[in-house]
Amino acid sequence: MSDYRAASVKPALPSGMRDFGPQEVGRRRYLFDTMRQVFERYGYQPLETPVMELLSTLEGKYGEEGDRLLYRVLNSGDAFARWKEQHAEVRLGAFSFPLRDITEKGLRYDLTVPFARYVVMNRHRLAFPFRRYQIQPVFRADRPQKGRYREFYQCDADVIGSRSLVHEAELIKIYDDVFTALGIRVTLRINSRKVLLGLAQHCRAESRFTAFTVVLDKLDRLGWQGVDEELAAMGWTAEQRSELHALLQLQGNNLQRLEQAEHRLRQTAAEEGCRELRQTLHWLHALGEPVQQVVVDFSLARGLNYYTGIIYEVASAQGTLKSSLGGGGRYDDLTGIFGLSGVSGVGISFGADRIYDVMEELNLFPPATVAGTRILFCCMDEAAMLWSAPYLTALRQNGLAAEMYPEPEKLQKQLKYAHARNIPFAALVGEQERTSGRVTLKDLNSGQQQSVPPEELYEKIK
RNA sequence: GUGGUUGUAGCUCAGCUGGUUAGAGCACCAGAUUGUGGAUCUGGGGGUCGGGGGUUCAAAUCCCCUCAUCCACCCCA
């Protein structure tokens, strides 16, 4: 028999990973349930995919940076040991070696790419347009910091197989419904990649489009001056930069700014982008004006480079966490890489962990998110425990959460436990109760006690 | 991946320029209260001072390395 206690290890978690205690789970469940309800109300169907995907599915989808942040899983068995034997002369880390020999799987980085993979694999089974939602953890080997974790939940809703802008408007409604239900005031910014592309065309800077969007995305952090400098460093002329500045400086409401932008960027992709944005706003109006603030913002860019049409981003309007609570957009050809081209999709994502952080900071969680134990049987001796057991079961059968303290400990200790667990009622059972056939029901909040027949417990405390 | 911050009891932290057996609050356990929780009082258990190496008669304290943490950058939910 091995002495497993000899080698005691310091308990710890891998960096960026977290446990969720009972209260946190309750609150997270409340968050997820809220989203689930809204998603389903809009006709989205649930989907789950595995944590692990083939690296061939994941690699190259998130840009160079994304590949670096992929968690790679070592092949199981002795693949690595075999590899080392075969390459005994190679010193690990001395120079790059074919990773593929020892790792062919990775943890999912987001939910969109696995969704695209699923759609392609099941295309004959699905009714298009296919709407699905997915609430699952994703993994990024990033360095953790405030509002950034290595394992975090994304809550995605996507519809694939339709170009209709009704979806764009409905997704805004979903954002609106969820954040309104949760009680968070947010700002929802929308833009179109086509407007940005049009601007790049107008400035004859199409070749550096992706780099341009990455810089533009930093506007709220760096301010115009910072963006201006970075673009200058990238080789943008003063004229090109002032053109961009003018676009960002447009005044008026959403529709007015769209009109001006369209006017400025004639004969480019921006015309279509503006038209689509306007159309989306029309649909939104028809579906019902949102409660939350919706702003057309030409500086919104989004890093992920698969977006091609309208893009979204949500940020809290209150609290200290300024980073994004969610985002999304339309991608014209996400399934193309898996061999199914010409299928357009649009989707949004909620960052549950950040939403959690914001709600906690602003104290927005309802007081009781989990229904805990309602009554604790506190027994003086084993005979009392046996006597109580059937009543315990009866309460449970009636759907009430009930517990019995597992030892005939001192009452003091048992009541302390009830108090610590926030259990509102205690049924005290000792010799007196057994002989009289009535239990002493104690209300832990008021401290009052009454003698009741055990059959009436349910009615008294339900 | 880059830069910085902080690691002392289960938790939050104190420990001055190196100097006896490393402290406090909260939490925990026991008792005051042999069938009554929250309050109070009394007592108690708990620490490889993140780990390794070095300087020194002497290191929680100074130096180096390492690990972890948090924050920022990059990037993103």
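Residues numbered from 1 in each chain as written. Chains lettered and ligands numbered in written order. Predicted model: local features only at pLDDT ≥ 70, side-chain atom pairs only at ≥ 80, totals over all residues. Heavy atoms only, no water.

A.B. asks: Please give an account of the protein's contact with RNA strand B that cites residues and values.
C.D. replies: Taken together, 43 residues lie around RNA strand B, and Arg 140, Arg 148, Ser 324, Leu 444 and Gln 449 are the ones closest in. Of everything in RNA strand B that lies within 4 Å of the protein, sugar and phosphate atoms constitute 44%. Here a sugar or linking oxygen of RNA strand B sits 2.5 Å away from a polar atom, N or O, in the side chain of Arg 140. With 6 residues, helix α15 (residues 411-420) is the largest single contributor of residues to the surface near RNA strand B. Class assignment for the residues of the surface near RNA strand B results in 10 nonpolar, 15 polar and 18 charged. (Near = heavy atom within 4 Å. Polar contact = N/O pair within 3.5 Å; in protein donor to acceptor, adjacent residues only side chain to side chain. Helix = DSSP H or I, 4+ residues; strand = E, 2+ residues; numbered from the N terminus. Nonpolar A, V, L, I, M, F, W, Y, C, P; charged D, E, K, R; others polar.)

A.B. asks: Lay out the packing of aromatic side chains in plain terms, naming residues and giving numbers.
C.D. replies: All chains considered together, the criterion is met by 18 aromatic pairs. Each member of the aromatic cluster is reached from another via a ring pair, and the members are Phe 39, Tyr 133, Tyr 175, Phe 179, Tyr 312 and Phe 350. Lying across the ring of Tyr 149, Arg 18 places its NZ or CZ 3.6 Å from the centre. Positioned above the aromatic ring of Tyr 109, the side-chain terminus of Arg 140 is 4.1 Å from the ring centre. (Phe/Tyr/Trp six-rings, centres within 6.5 Å; stacked < 30°, edge-to-face > 60°. Lys NZ or Arg CZ within 6 Å of the ring centre and 35° of its normal.)

A.B. asks: Outline the side chain of Arg 132, listing residues and values.
C.D. replies: Looking at where Arg 132 falls in the secondary structure, it is placed in strand β5 (residues 130-139). At 2.3 Å, the side chain of Arg 132 and the side chain of Gln 134 are in polar contact. Excluding residues within four positions of it along the chain, Arg 132 makes contact with Tyr 44, Gln 45, Leu 47, Leu 111, Phe 115, Asp 156, Ala 157 and Asp 158. (Contact = heavy atoms within 4.5 Å.)

A.B. asks: Hey, could you go over unusual backbone geometry for me, with residue numbers and the actual values?
C.D. replies: Backbone torsion omega between Phe 128 and Pro 129 reads 0°, so that peptide bond is classified as cis. Relative to the helices and strands, Pro 129 is located in the loop between α5 (112-121) and β5. The phi torsion at Arg 204 lies on the positive side, around 55°, for a residue other than glycine. Note on placement: Arg 204 falls in the loop between α7 (193-202) and α8 (209-216). Of note, the phi angle at Asn 422 is positive, near 65°, even though the residue is not glycine.

A.B. asks: So what's going on with the sheet that holds strand β2 (residues 52-54)? Residues and values would help.
C.D. replies: Strand order in the open sheet formed by 3 strands is β2-β4-β3, with antiparallel pairing between adjacent strands. Single-partner strands in this sheet number two, and they are β2 and β3 (72-74). Sheet twist, expressed as the mean angle between neighbouring strand axes with direction ignored, is 45°. Pairing of β3 with strand β4 (residues 103-107), which is carried by 3 bridges, proceeds in the antiparallel orientation. (Pairing = 2+ DSSP bridges. Axes fitted to C-alpha atoms, helices over the stretch in contact; angles between N-to-C directions.)

A.B. asks: I'd love a proper account of the sheet that holds strand β14 (residues 425-429), names of residues and values included.
C.D. replies: With mixed pairing, the 5 strands of this open sheet are ordered in space as β13-β12-β14-β15-β16. A strand with exactly one partner marks an edge of an open sheet, and here the two such strands are β13 (402-404) and β16 (449-452). In this sheet, adjacent strand axes meet at a mean angle of 25° when their direction is disregarded. The sheet contact formed by β14 and strand β15 (residues 439-443) spans 4 bridges and is antiparallel. Directly across from Ala 427, in β15, lies its bridge partner Leu 441.

A.B. asks: So what's going on with the layout of surface pockets? Which residues, and what values?
C.D. replies: There is about 420 Å³ of room inside the second largest pocket. Around the second largest pocket sit 15 residues that line it, and Ala 368, Val 370, Gly 372, Arg 421 and Asn 422 are the ones nearest its centre. Examining the composition of the lining of the second largest pocket, we find that 3 residues originate from one element, helix α1 (residues 22-41), more than from any other. Per-class residue counts for the lining of the second largest pocket are 7 nonpolar, 5 polar and 3 charged. For the lining of the second largest pocket, the domains that each give at least three residues are domain 1 (22-57 + 109-361) and domain 2 (375-461). (1 Å grid on protein atoms, 1.4 Å probe; cavity = no way out; pocket = protein on both sides within 12 Å on 5 of 7 lines; lining within 4 Å. Points joined across faces, edges and corners; volume = space filled by probe spheres on them. Domains from an automatic or database assignment.)

A.B. asks: Tell me about the environment of Arg 28, and name the residues and values.
C.D. replies: You can see Arg 28 is positioned in helix α1. When the C-alpha positions of Arg 28 and Ala 127 are compared, they lie 32 Å apart, and in sequence the two are 99 residues distant. Discounting residues that sit within four places of it in the chain, Arg 28 has contacts with Phe 20, Tyr 153, Asp 353 and Tyr 356.

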